[in-house]
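Given next are the chains, with one letter for each unit.
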Amino acid sequence: MTMVAPKTQHVARLSYQDKTIDLPVYFGTDGPGVLDLQELHKKTGLFTFDPGFMSTASCKSEITFIDGEKGILLYRGYPIEQLAEKSDFMEVAYLLLYGDLPSKKQKDDFVLSINKHTLVHEQVISFYRGFRRDAHPMAVMVGVVGALSSFYHDSLDIQDPAQRHIAALRLIAKMPTLAAMAYKYSIGQPFVYPQNHLSYAQNMIYMMFSTPTAPYEINPIWAKALDRILILHADHEQNASTSTIRLAGSSGANPFACIAAGIAALWGPAHGGANEAVLGMLEEIGSIDRIPEFIQRAKDKNDPFRLMGFGHRVYKSYDPRATVLRQSCHEILEELGIKDNPILQLALELERVALADEYFIEKKLYPNVDFYSGIIFKAMNIPVSMFTVLFAVARTVGWISQWKEMIADPMQKIGRPRQLYVGKPYRDYIPIDKRQEEN
Ligand code: ACO
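Keep in mind that what you see is a predicted model, and the values were worked out from it rather than measured. (Residues numbered from 1 in each chain as written. Predicted model: local features only at pLDDT ≥ 70, side-chain atom pairs only at ≥ 80, totals over all residues. Heavy atoms only, no water.)

Let's talk about the overall build of the chain
Test applied: Under the scheme used here, helices are H or I runs from DSSP no shorter than 4 residues and strands are E runs no shorter than 2 residues, and both carry numbers assigned from the N terminus. Radius of gyration: over C-alpha atoms. The globule rule applied is 2.2 Å multiplied by the number of residues raised to the 0.38 power. Under the scheme applied here, a residue whose accessible area is under 20% of the maximum for its type counts as buried, over 50% as exposed, and between as partly exposed, the area being computed with a 1.4 Å probe on protein chains only. Contacts between residues were defined by any pair of non-hydrogen atoms, one from each residue, lying within 4.5 Å. Computed with a 1.4 Å probe, the accessible areas rest on the Shrake-Rupley method; for each residue, only the protein chains presented here act as cover. His is not counted, nor are the chain ends, whereas Lys and Arg count as positive and Asp and Glu as negative. For this purpose, a charge sits on NZ of Lys, CZ of Arg, CG of Asp or CD of Glu.
In terms of regular secondary structure, the chain is built from 18 helices and 6 strands. Against the compact-globule benchmark of 22 Å for 439 residues, the chain has a radius of gyration of 24 Å, which places it among compact chains. C-alpha atoms of the chain, sized along the principal axes, occupy 75 × 60 × 55 Å. Sorting the 439 residues of the chain into buried and exposed places 47% on the buried side. The long-range share in the chain, meaning contacts at least 24 apart out of those at least 6 apart in sequence, stands at 69%. Just so you have it, the chain exposes about 22,600 Å², and 54% of that area is on carbon and sulfur atoms. Side-chain charges in the chain split into 46 positive and 49 negative, and the spacing between the mean points of these groups amounts to 5 Å.

If you want it as structure tokens, here you go:
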């Protein structure tokens, strides 16, 4: 797919000291316009300063659109609510990767080509054996996904579109297998091979929970819930992990190494690690009567404690994924007949209290997608340490679509931010016998 160059529609005028320059302003299909600062340094000698990228668009993209004020999330133009209700993960994966919803034949062919790649090289198993049994599965994933680049040499030439595509299919297909292996290794059970007649979500559940000793029946409520969670997590424009992948990929690194970098960025509790942190927080709170104490702590500026699963950098009215998942969450707890599980009850009460609290209302801190996915995973008996791994499985299709888009973009350059240097000014080297210790 060729990317269309942005059109200049307006100009912003910037004056600094004796210079006045015109900067082009571009508008995309939707969302705020952007000020093109590429010539700023050349023309004024200045850099921009925007830690946390609060006002910076790092690229142009055709994949995902978010309007944080209105709570809108579109994949290739389609609203997330409709995709979550009517589609399935394989169809959404196709949509993100190719740009349009597939015909029946295109979807069947896509599923077949994914299924061709679900197995991992048998020697990958030796990587798992090198990890401690109590290793966090995200640590294992960072290692083994990066290690895939040492196995699939025929899909490492990033200049070849066919190889890029094979690498994308391999990553999407192998992530559930690798994720389930990380779990099985942690509990000392044999690895379970994928079954290609199962759906993507069913396979994930099957490889995690079945054993060779007994037939295993996949709970359809779990499979539906997981498929929906996979759809909702599949992409989210230029978040921390996706930006990490674009930055790593901009240097020409291979796709397996780039996705490993994205997994590392996702792991943090301010990003994908929040779903695990939600459960950690609920366990720390312990009982409903302690909720007020923790709400107080979350409001206290001198206390680092935050309500995990609340707030979002972009969504300031509500997170549309959370709205979908909130409903699923309540339905699933009902269907599974586990509404009275103490941790889940605590979660629902925390949600109720926080949503009615002035501090959270005023700061627009709503439960985000991680809050509800954490609760649903808990209801499905998925071990807490696997929560973020499942997020990574879902996000792989978004990551690799964004990576492919970047590599194919003729405007692509190595990402190389600048800085505001505030360290020591120039000084001459002092021989060791002449140095004085600083306090
Ligand atoms: N609990 C209590 N207060 C909070 C929370 C929270 N979860 N989140 C933000 N605030 C407060 C901050 O203290 C700050 O208050 P102030 O204006 O008085 O200083 C204000 O709200 C704004 O917070 P920032 O940290 O500046 O907002 P930012 O956009 O940088 O952070 C983030 C967003 C990281 C998601 C934050 O809300 C947070 O830490 N949430 C908890 C972790 C979490 O759930 N992360 C998952 C994000 S979704 C995802 O990755 C899929």
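Overview of the packing of aromatic side chains
Geometry of an aromatic ring pair is reported as the spacing of the ring centres plus the angle between the planes. Applicable threshold: Side-chain rings of Phe, Tyr and Trp (the six-membered ring for Trp) are treated as a pair once their centres are within 6.5 Å; stacked means planes under 30 degrees apart, edge-to-face means over 60, and tilted covers the remaining angles.
Under the definition given, this model contains 16 aromatic pairs. Ring geometry for Y94 and F110: centres 5.5 Å apart, planes at 85 degrees, overall edge-to-face. Here the residue Y94 occupies a position in helix α3 (residues 89–98), and F110 occupies one in helix α4 (residues 104–115), the gap between them amounting to 16 residues. Each member of the pair, Y94 together with F110, is buried. Aromatic side chains Y152 and F256 sit 6.1 Å apart centroid to centroid with 35 degrees between the ring planes, which places their arrangement in the tilted category. Of this pair, Y152 sits in the loop between α6 (137–147) and α7 (161–187) while F256 is found in helix α11 (residues 255–266), placing the two residues 104 residues apart along the sequence.

Purely geometric numbers; function is a separate question.
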